[in-house]
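Residues per chain are reported as follows:
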Amino acid sequence: MINNKSLIPDVKFLRKEFMLAMLILWFSSSVVALYMGWDSVFPAIGSIALSIGLSIFLTHRYTSQEERRLWDNQEEVQQRMIWRYMQMVRSGRQGADPMSLDQLGDRIEDSFESMLSSKRAEAELETYRYEMVYSVLGTLQWGLGGMLVDWIH
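Procedures and definitions
- Residues numbered from 1 in each chain as written.
- Predicted model: local features only at pLDDT ≥ 70, side-chain atom pairs only at ≥ 80, totals over all residues.
- Heavy atoms only, no water.
- Helix = DSSP H or I, 4+ residues; strand = E, 2+ residues; numbered from the N terminus.
- Buried < 20%, exposed > 50% of the residue type's maximum accessible area, 1.4 Å probe, protein only.
- Contact = heavy atoms within 4.5 Å.
- Areas by Shrake-Rupley, 256 points an atom, 1.4 Å probe, with all protein chains shown as cover.
- Patch = residues over 30% accessible without salt bridge, like charges linked within 9 Å, V, L, I, M, F, W, Y side chains within 5 Å.
- Salt bridge = Lys/Arg side-chain N within 4 Å of Asp/Glu carboxyl O.
- Core = buried A, V, L, I, M, F, W, Y, C linked by side-chain atoms within 4.5 Å.
- Lys, Arg positive; Asp, Glu negative; His and termini not counted.
- Charge placed at Lys NZ, Arg CZ, Asp CG, Glu CD.
- pLDDT = per-residue confidence, 0-100.
- Polar contact = N/O pair within 3.5 Å; in protein donor to acceptor, adjacent residues only side chain to side chain.

**Quick look at the overall build of the protein**
At step 1: For the protein, the count of helices and strands is four helices and zero strands.
At step 2: In the protein, the succession of α and β elements from N to C terminus is α-α-α-α.
At step 3: A buried classification covers 33% of the 153 residues belonging to the protein.
At step 4: Taking as baseline every contact in the protein between residues at least 6 positions apart, the subset at least 24 positions apart corresponds to 74%.
At step 5: Of the roughly 10200 Å² of accessible surface on the protein, 62% is carried by carbon and sulfur atoms.

What follows is the structure, given as structure tokens:
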């Protein structure tokens, strides 16, 4: 189901250690509450899994937004530099521009590579599977956990 065989997504601004601690806390407290037959505690522990899914969702949205903002900014800069480059090529001279044609060409190429890397970083932020799994598990445990504990005990 999850391609990279990890239980924790790689999202900027979200510490993997914190997420791992939350997963361990959720899993171990769920097992203890289920084993002890705590029919009011077990469902409440489902909120931990739900909060894990929510934190991944919110962090992912923030990170994606930052990557898109970087892309949009770079796209504007790229267009201005290409316009300057074309003006220099058409007129056959540098004019008042402080950069030479070669320097401007190099800068456009670097900017383009930066744009592509930000788009790649945005595309790698596919955390919806994690959001879905933890949110569904937490919601089911929260909503139906009491019945499960009663059924087992």
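**A word on a nonpolar patch on the surface**
At step 1: Where nonpolar side chains cluster on the molecular surface, the patch consists of Val32, Tyr35, Met36, Trp38 and Val41 and spans about 520 Å² of accessible area.
At step 2: Broken down by element, the nonpolar patch gets its largest block of residues, three residues, from helix α1 (residues 16-36).
At step 3: Mapping valine 32 onto the fold places it in helix α1.
At step 4: Given a relative accessible area of 42%, valine 32 falls into the partly exposed group.

**So, the nonpolar core**
At step 1: Formed by 15 residues in total, the largest nonpolar core has its most connected members in Leu23, Trp26, Ile45, Ile48, Ile52, Ile56 and Tyr134.
At step 2: Elements with a minimum of two residues in this core: α1, α2 (41-91) and α4 (128-152).
At step 3: At six residues, α2 tops the list of elements feeding residues into this core.
At step 4: The contacts of tryptophan 26, once residues within four sequence positions are left out, are Ile45, Gly46, Ile48, Ala49, Leu137 and Gln141.

**Remarks on a negative patch on the surface**
At step 1: Among the surface-exposed residues, Asp102, Asp106, Glu109, Asp110 and Glu113 lie close enough to one another that they form a single negatively charged patch.
At step 2: Assignment of secondary structure puts aspartate 102 in helix α3 (residues 101-123).
At step 3: Look at aspartate 102 and you get exposed, because its relative accessible area is 62%.

**As for the side chain of serine 30**
At step 1: Inspection of the secondary structure assignment puts serine 30 in helix α1.
At step 2: In this structure serine 30 touches Phe42, Ile45 and Gln141, once residues within four positions along its chain are discounted.

**Here we look at the confidence of the model for the protein**
At step 1: Scored by pLDDT, the protein comes out at a mean of 76, with 80% of its residues at no less than 70.
At step 2: The secondary structure element of the protein with the lowest average pLDDT is α3, at 74, and the one with the highest is α1, at 87.

**Topic: the environment of serine 117**
At step 1: Here serine 117 shows up in helix α3.
At step 2: Distance from serine 117 to glutamate 67, taken between C-alpha atoms, is 9.7 Å for residues 50 residues apart in sequence.

**Details of the side chain of glutamine 141**
At step 1: By the secondary structure assignment, glutamine 141 is in helix α4.
At step 2: Take glutamine 141: its relative accessible area is 7%, and that puts it in the buried class.
At step 3: Within the local environment of glutamine 141, its side chain forms a polar contact with the side chain of serine 30, the two groups lying 2.9 Å apart.
At step 4: Within the structure, the side chain of glutamine 141 is placed 3.0 Å from the backbone oxygen of phenylalanine 42, a separation counted as a polar contact.
At step 5: With sequence-adjacent residues up to four places away left out, glutamine 141 is seen in contact with Trp26, Ser30, Phe42, Pro43, Ile45 and Gly46.

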